[in-house]
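Take a look at the letters that make up each chain.
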Amino acid sequence: MKEEELSQVKKELNVIFKRLRDWDGTGIEAEEIFKANSYSIERLKQVKIPNQDKEIKQLIQKIGLAYDEMLQSLRDQKIAVKHQLLELTYSRGALKSYLNQNSQSSLLNFNM
């Protein structure tokens, strides 16, 4: 591989890593990053990347770790949202039950 091509591969990998590192933590931006990075990765697939280059290996490892962290964060967010949804559903059910119970009682409460 020519030095110019090697330099271009490193530059492209750095761009991918920078996108991942600059992620703001939202699912919307994660989707945009995945799309942009998949386009970059498709371009890189067309080039044979040498296995001997340490810098490229390190960049690929950093990218892999950044993707793992992003995916774990998204999973954690999904779990938190499910938990909040369950809490809201339970609270809504409890409130409806309470309101139904109170609407069925008479206006005058003689049990005071």
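Remember, it's a predicted structure, so these values are computed and weren't measured experimentally.

Focus: the overall build of the protein chain
Move 1: Looking only at helices and strands, the protein chain has three helices and zero strands in total.
Move 2: Ordering the α and β elements of the protein chain from the N terminus gives α-α-α.
Move 3: Taking the intrachain contacts of the protein chain between residues at least 6 apart in sequence as the baseline, contacts between residues at least 24 apart amount to 77%.
Move 4: Accessible surface, the protein chain: about 9,400 Å² in total, of which carbon and sulfur atoms supply 56%.

A few points about the confidence of the model for the protein chain
Move 1: On average, residues of the protein chain carry a pLDDT of 86, and 89% of them reach 70 or more.
Move 2: Confidence, read as mean pLDDT per element, is least for helix α3 (residues 54-104) in the protein chain (87) and greatest for helix α1 (residues 3-21) (92).

Quick look at helix α2 (residues 27-45)
Move 1: Between the first and last C-alpha of α2 there are 26 Å, a value that for 19 residues agrees with the 27 Å anticipated at 1.5 Å per step.
Move 2: Along α2, the residues that are buried comprise Ala30, Ile33, Asn37, Ser40 and Leu44. Down the axis of α2, the buried set is contained in an arc of 95°. They therefore lie on one face. Facing away from the buried surface of α2 by more than 90 degrees, the exposed residues are Ile28, Glu32, Lys35 and Tyr39.

Describing the nonpolar core
Move 1: Of all hydrophobic cores here, the largest spans 16 residues; its most connected members are Leu13, Leu20, Ile63 and Met70.
Move 2: The residues contacting methionine 70, other than those within four sequence positions of it, are Leu20, Trp23, Ala30, Ile33 and Phe34.

A closer look at the pattern of salt bridges
Move 1: Inspection of the entire model under this criterion finds six salt bridges.
Move 2: The salt bridge involving lysine 10 is made with glutamate 55; its shortest N-O contact spans 3.2 Å. Of this pair, lysine 10 sits in helix α1 while glutamate 55 sits in helix α3, placing them 45 residues apart in sequence.
Move 3: With its nearest N and O atoms 2.4 Å apart, the salt bridge here joins arginine 43 to glutamate 12. Within this pair, whereas arginine 43 is found in helix α2, its partner glutamate 12 is found in helix α1, the two being separated by 31 residues in sequence.
Move 4: A network of salt bridges, in which partner residues are shared, links Lys10, Asp53 and Glu55.

A few points about the packing of aromatic side chains
Move 1: If you walk through the whole model with that rule in mind, you get one aromatic pair.
Move 2: Consider the rings of phenylalanine 34 and tyrosine 67, whose centres lie 5.6 Å apart with planes at 15°: the pair is stacked. Taken as a pair, phenylalanine 34 in helix α2 and tyrosine 67 in helix α3 lie far apart in primary sequence, 33 residues in all.
Move 3: A relative accessible area of 17% places tyrosine 67 in the buried class.

A closer look at the side chain of aspartate 53
Move 1: Mapped onto the fold, aspartate 53 is located in the loop between α2 and α3.
Move 2: A polar side-chain atom of aspartate 53 sits 3.5 Å from a polar atom in the side chain of lysine 10.
Move 3: Among the polar contacts listed, one links the side chain of aspartate 53 to the backbone nitrogen of isoleucine 56, at a separation of 2.9 Å.
Move 4: Apart from residues no more than four positions distant in its own chain, aspartate 53 is found in contact with Leu6 and Lys10.

Reading guide: rules and limits
- Residues numbered from 1 in each chain as written.
- Predicted model: local features only at pLDDT ≥ 70, side-chain atom pairs only at ≥ 80, totals over all residues.
- Heavy atoms only, no water.
- Helix = DSSP H or I, 4+ residues; strand = E, 2+ residues; numbered from the N terminus.
- Contact = heavy atoms within 4.5 Å.
- Areas by Shrake-Rupley, 256 points an atom, 1.4 Å probe, with all protein chains shown as cover.
- pLDDT = per-residue confidence, 0-100.
- Expected span 1.5 Å × (residues − 1).
- Buried < 20%, exposed > 50% of the residue type's maximum accessible area, 1.4 Å probe, protein only.
- Arc of directions from axis to C-beta.
- Core = buried A, V, L, I, M, F, W, Y, C linked by side-chain atoms within 4.5 Å.
- Salt bridge = Lys/Arg side-chain N within 4 Å of Asp/Glu carboxyl O.
- Phe/Tyr/Trp six-rings, centres within 6.5 Å; stacked < 30°, edge-to-face > 60°.
- Polar contact = N/O pair within 3.5 Å; in protein donor to acceptor, adjacent residues only side chain to side chain.

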